Amino acid sequence: MENEASVLNELHEELNVEEFKDLSVSEITEEILKKCGTYGLFQKKLTIYILIFVIFHAPAVLTIVFIRESVPFACYPSNFNESLIPLNITLDEFLNKAAVEDEKCSVYNLDTKEGFYILPTSNSTKEPCNIGRKFYSDHLSSIVSEFDLACEREWLKNIAVSAMFAGFLVGNILFGTLSDAFGRFKMFCAANALSIFSGLIKIYSPNIIVFLIIYIIEGFGIAGTYLILFTILQECVTQNYRTRLNYLMHGTYGLGAMLLAGVAYVFPKWQHLLYATIIPHILIFILALKFLPESPRWLLNKGKFTEAEKSFEKIAKTNKKNAEIAVKLIQKLQTERKSKLQAEVDENMKLGSKKIHKTYTAIDLLKKPRRAMISVNIWFNWLVNSMIYFGVTLNSVDMSGNRYINFLVMSAVEIPANILGCITFKWFGHRKPLCFFMVFGGINCIVSNFVPKGNFWFPLILAVLGKLGATASYDGVYLTTAEIFPTAVRNGGIGAASSFARFGGIISAPILGLSVYGSWIPLSIFGVFGIVAGLLVLLLPETKDACLLQTLEDMDNL
């Protein structure tokens, strides 16, 4: 009897919600998650699912590196007729003889004698290679050989990169806003289905124009899936797990990129490579329908208290915790929301307005001065991070050796970058490490201008260190953004931020083109922007150990 009384007393004390009366909505939501099990079996299963997704997400995104690979080719002369080739030479040998040495897009005009072509000499007339080309794609194929993207059409293969970024840019805004309005789960399923369907259709594109259009559409979905899953993971755990899970997720992306090196080696044909990277997502989509939860924080924010209760009860049950205190806290939030809504109704009646509910978008992040300053600072940092990340990648030393191994090395460095970022975020807060990594990346760009010509190892070291700094800062700003933007507009805000990042990726190529006016100009621009953006990070509020914000009012109070 004494034991039963003790248990009842403990339960009574546990169910006392008066101690939470002075807490904000964000703090109460944090307490609800703690009562349901801070990081129990439910969160561990969710983490495993998301990490599996990320491993296969990275290859789907980065296939552009390999499917636009240059393929050896030979040019056909304007007056070419295969029947006129001398009998003692094969077609490939003859085309090789007809090619102008050191001028891959020029070919000799052919003369005939006694019904056969005369092998051209260096004194023969040259002409541009715009009649036709033969690609040697028996062992390696790409969109270059598929759509004849060589010589005067070579610029089109770079447009594929721009098409991908353009799709990401629109997709981040589109699915970020829609997931804030209609839910994380529904929009993830829609984005994943769109990326799978368009990815498969892309393989059968009849020409490069159709390929690019479908690639843009695929980019919509690819951008939405990663963004939404990142948000769901952050919203299902308490603040003391956010940093490590952020870097774990981004570090797994590097592992997926390393996997792509092996997959691309096994499948050198571009169609086979796309199949290999897309098909796993069909299984992931099926698993999402059965397993992936809706964000409980989003349910609370939208006033869906019945669904939120069921969600938290499921979390508590999976974690073998008692959900009663969580339910009572949800009921407390429901009561407070009803009181607030009634006050809004009364106020609207006085003003003659019928509008009660409001859906927030990224535009609301600019409606107050302090809010706008924080948001613009974050978005600028995303743009610069992306610019440096791709700038370092595109300007890194052209390492000799196997292209698959080169890609593997540059992908592998992302894992220690995330480990280092996680450790420094835990020890030194979030602003200082983020500032350091961005300034480090900027300085790396500037120093690269003074590397002695002909030196191999020093440029290689700078490339690896630059990629490390860019990765750590890029992944750090991801977490900082999720912590500063509230649940009401989190995905919309991150979507807008990610769109700025895609814009940074797009403009990095034109900036590189400024090297015609001075080889030091592009990297110096990247470096200066990196240093400035890093210093601006110090103006952001520190979010280490802070509760994940729920409302725009919480953001205003930072």
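Let me sum up the structure you'll find in this document. Everything quoted here is computed from the prediction, not taken from an experiment.

### Looking at the overall build of the protein chain
Line of reasoning, step 1. In terms of regular secondary structure, the protein chain is built from 22 helices and 6 strands.
Line of reasoning, step 2. In the protein chain, 78% of the contacts between residues at least 6 apart in sequence involve partners at least 24 apart.

### Remarks on the packing of helix 17 (residues 414–428) against helix 18 (residues 431–448)
A pair of packed helices can be characterised by two numbers: the angle between their axes and the separation between those axes.
Line of reasoning, step 1. Where helix 17 contacts helix 18, the two axes come as close as 7 Å, and the packing angle between them is 140°. By the angle class used here, helix 17 and helix 18 are oblique. Mapping the contact onto sequence places Leu-420, Gly-421, Thr-424, Phe-425 and Phe-428 in helix 17 and Lys-432, Pro-433, Leu-434 and Phe-437 in helix 18.

### Comments concerning the packing of helix 10 (residues 239–266) against helix 17
Line of reasoning, step 1. For the pair helix 10 and helix 17, interaxial distance at closest approach is 8 Å and the crossing angle is 175°. Relative to helix 17, helix 10 is oriented roughly antiparallel. Of helix 17, the residues touching helix 10 (which contributes Thr-243, Arg-244, Tyr-247, His-250, Gly-251, Tyr-253, Gly-254, Leu-255 and Met-258) are Glu-414, Ile-415, Asn-418, Gly-421, Cys-422 and Phe-425.
Line of reasoning, step 2. Residue classes in the contact of helix 10 with helix 17 are distributed as 7 nonpolar, 6 polar and 2 charged.

### Some details on a nonpolar patch on the surface
Line of reasoning, step 1. Residues Ile-279, Ile-282, Leu-283, Ile-286 and Leu-287 make up a contiguous nonpolar surface patch of about 430 Å² in total accessible area.
Line of reasoning, step 2. Mapped onto the secondary structure, Leu-287 falls in helix 11 (residues 270–291).

### Topic: the state of the cysteines
By definition, a disulfide is the covalent link that joins the sulfur atoms of two cysteine residues.
Line of reasoning, step 1. Under the criterion given, the structure shown has 2 disulfides.
Line of reasoning, step 2. Between the sulfur atoms of Cys-75 and its disulfide mate Cys-129 the distance is 2.1 Å. Judged by the torsion about the S-S bond (-105°), the Cys-75/Cys-129 disulfide is left-handed. One end of the pair, Cys-75, is in strand 1 (residues 73–75); the other, Cys-129, is in the loop between strand 5 (126–128) and strand 6 (133–135), and 54 residues separate them in sequence.

### A few points about the environment of Tyr-49
Line of reasoning, step 1. Mapped onto the elements, Tyr-49 comes out in helix 3 (residues 41–62).
Line of reasoning, step 2. Distance from Tyr-49 to Ala-288, taken between C-alpha atoms, is 8.6 Å for residues 239 residues apart in sequence.
Line of reasoning, step 3. Excluding anything up to four places from it in sequence, Tyr-49 contacts Phe-188, Ile-284, Leu-287, Ala-288, Phe-291 and Leu-292.
Line of reasoning, step 4. Engagement of the side chain of Tyr-49 in a polar contact is seen with the backbone oxygen of Ile-284, the distance being 2.9 Å.

### Considerations on the pattern of salt bridges
Line of reasoning, step 1. One pass over the full model with this rule turns up 14 salt bridges.
Line of reasoning, step 2. Residue Glu-483 pairs with Arg-242 through a salt bridge whose shortest N-O separation is 3.2 Å. Note that Glu-483 is positioned in helix 19 (residues 457–484) and Arg-242 in helix 10, a separation of 241 residues in sequence.
Line of reasoning, step 3. Overall, the relative accessible area of 1% leaves Arg-242 in the buried class.

### Topic: the packing of aromatic side chains
Line of reasoning, step 1. Counted according to the given criterion, the structure contains 22 aromatic pairs.
Line of reasoning, step 2. Note on Phe-53 and Phe-188: the rings are 5.7 Å apart at their centroids and 70° apart in plane angle, and the pair reads as edge-to-face. Here Phe-188 lies in helix 8 (residues 184–202) and Phe-53 lies in helix 3, a separation of 135 residues in the sequence.
Line of reasoning, step 3. Given a relative accessible area of 1%, Phe-53 falls into the buried group.
Line of reasoning, step 4. Aromatic ring contacts, followed pair by pair, group Tyr-226, Phe-230, Tyr-253, Trp-382, Tyr-474 and Tyr-478 into a single cluster.
Line of reasoning, step 5. Just above the ring of Tyr-215 sits the side chain of Lys-202; from NZ or CZ to the centre is 4.1 Å.

Reading the values: the criteria
- Residues numbered from 1 in each chain as written.
- Predicted model: local features only at pLDDT ≥ 70, side-chain atom pairs only at ≥ 80, totals over all residues.
- Heavy atoms only, no water.
- Helix = DSSP H or I, 4+ residues; strand = E, 2+ residues; numbered from the N terminus.
- Contact = heavy atoms within 4.5 Å.
- Axes fitted to C-alpha atoms, helices over the stretch in contact; angles between N-to-C directions.
- Parallel < 35°, antiparallel > 145°, perpendicular 65-115°, else oblique.
- Nonpolar A, V, L, I, M, F, W, Y, C, P; charged D, E, K, R; others polar.
- Patch = residues over 30% accessible without salt bridge, like charges linked within 9 Å, V, L, I, M, F, W, Y side chains within 5 Å.
- Areas by Shrake-Rupley, 256 points an atom, 1.4 Å probe, with all protein chains shown as cover.
- Salt bridge = Lys/Arg side-chain N within 4 Å of Asp/Glu carboxyl O.
- Disulfide = S-S within 2.5 Å.
- Polar contact = N/O pair within 3.5 Å; in protein donor to acceptor, adjacent residues only side chain to side chain.
- Buried < 20%, exposed > 50% of the residue type's maximum accessible area, 1.4 Å probe, protein only.
- Phe/Tyr/Trp six-rings, centres within 6.5 Å; stacked < 30°, edge-to-face > 60°.
- Lys NZ or Arg CZ within 6 Å of the ring centre and 35° of its normal.

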